[in-house]
Amino acid sequence: MMQLCCAAPTAMGEKATIEVTWPGGVRGPVQVGRDWLPAAAEAGLNIPTGCLAGSCGACEIEVNGRVVRACIATVPSARSGRLQVALAADPHW
C-alpha cells in the first residue's frame, strides 16, 4: 500500500507535527511519520484491528477522505497542516 507522504526533519532535527482531528472532535498534534495505531491510542481512540499486517482491512480509517489501513500506514503531512480522521464503516466487520 502506498503511503500518503512523509516529512522532512525540521531545522532542529525533529520531525514536524500536524494537527489531527479525531472522531468525536478530539484534536491534538501528532508527529508526522508516526504509526497511526499508537497515535490514535494516545488520543483515546481505539481503532479496531484484525491481522495487523494490512490484509484484512479491519483497521481502515479515512484520513481527509482517503481510506488507509492504520496498522501499516503512518501519519502524513498535509499542505493545510491539518488532518481529519474518521473510522471507515465496513458492513462486513
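Predicted, not measured: the structure shown is a model, and the values here were computed from it.

With respect to the environment of L83
Locating L83 in the fold gives a position in strand β5 (residues 82-87). Accessibility expressed as a relative area gives 4% for L83, which makes it buried. Measuring from C-alpha to C-alpha, the distance between L83 and V30 comes to 9.8 Å, with 53 residues separating the pair along the chain.

A few points about the pattern of salt bridges
In the structure shown here, the tally under the stated rule is two salt bridges. The residue E60 makes a salt bridge to R69 at a minimum N-O spacing of 3.0 Å.

Brief notes about the packing of aromatic side chains
Scanning the model with the defined rule gives one aromatic pair in all. Seen from their ring centres, W22 and W36 are 5.7 Å apart, and the 85° between their planes marks the pair as edge-to-face. Of this pair, W22 sits in the loop between β1 (17-21) and β2 (27-31) while W36 sits in helix α1 (residues 36-42), placing them 14 residues apart in sequence.

A short note on the confidence of the model for the protein
The predicted model of the protein averages 86 in pLDDT, with 82% of residues at 70 or higher. Of the regions scoring below 50 in pLDDT, residues 1-10 engages in 19 contacts with residues more than four places distant in sequence or in other chains.

With respect to the sheet that holds β5
Picture the strands of a sheet paired through backbone hydrogen bonds; they go either parallel or antiparallel. The mixed open sheet is built from five strands, whose spatial order is β2-β1-β5-β3-β4. Two strands in the sheet have a free side with no partner beyond their single neighbour: β2 and β4 (66-69). For this sheet, the mean angle separating the axes of adjacent strands, direction not counted, is 35°. Two elements, strand β3 (residues 60-63) and β4, share four bridges in a ladder whose sense is antiparallel. Paired with I61 across the two strands is V68, which belongs to β4.

The rules behind each value
Residues take numbers from 1 onward in each chain, read along the sequence in its written order. For this predicted model, a pLDDT threshold of at least 70 governs which residues receive local features, and a threshold of 80 or more governs which side-chain atom pairs are given and counted, while totals over whole chains, interfaces and linings are taken from all residues. Only heavy atoms go into the side-chain values, all of them from the structure, while hydrogens and water stay out. Secondary structure elements are taken from DSSP: a helix is a run of H or I of four residues or more, a strand is a run of E of two residues or more, and numbering for both begins at the N terminus. Here the term buried applies to any residue with accessible area under 20% of the maximum for its type, exposed to any over 50%, and partly exposed to those in between, with areas from a 1.4 Å probe on protein chains only. Within this document, salt bridges are pairs made up of a side-chain nitrogen of Lys or Arg and a carboxyl oxygen of Asp or Glu, the two lying within 4 Å of each other. Working definition: a ring pair exists when centres of Phe, Tyr or Trp rings (six-membered ring for Trp) sit within 6.5 Å. Plane angles under 30 degrees give stacked, over 60 give edge-to-face, the rest tilted. What pLDDT conveys is the predictor's confidence in a given residue, as a value from 0 to 100. Here a residue-residue contact requires only that any non-hydrogen atoms of the pair lie within 4.5 Å. Should DSSP find at least two bridges between two strands, the strands are regarded as paired. All axes here are fitted lines through C-alpha atoms, helices being fitted over the stretch that makes contact, and every angle between N-to-C directions spans 0 to 180 degrees.

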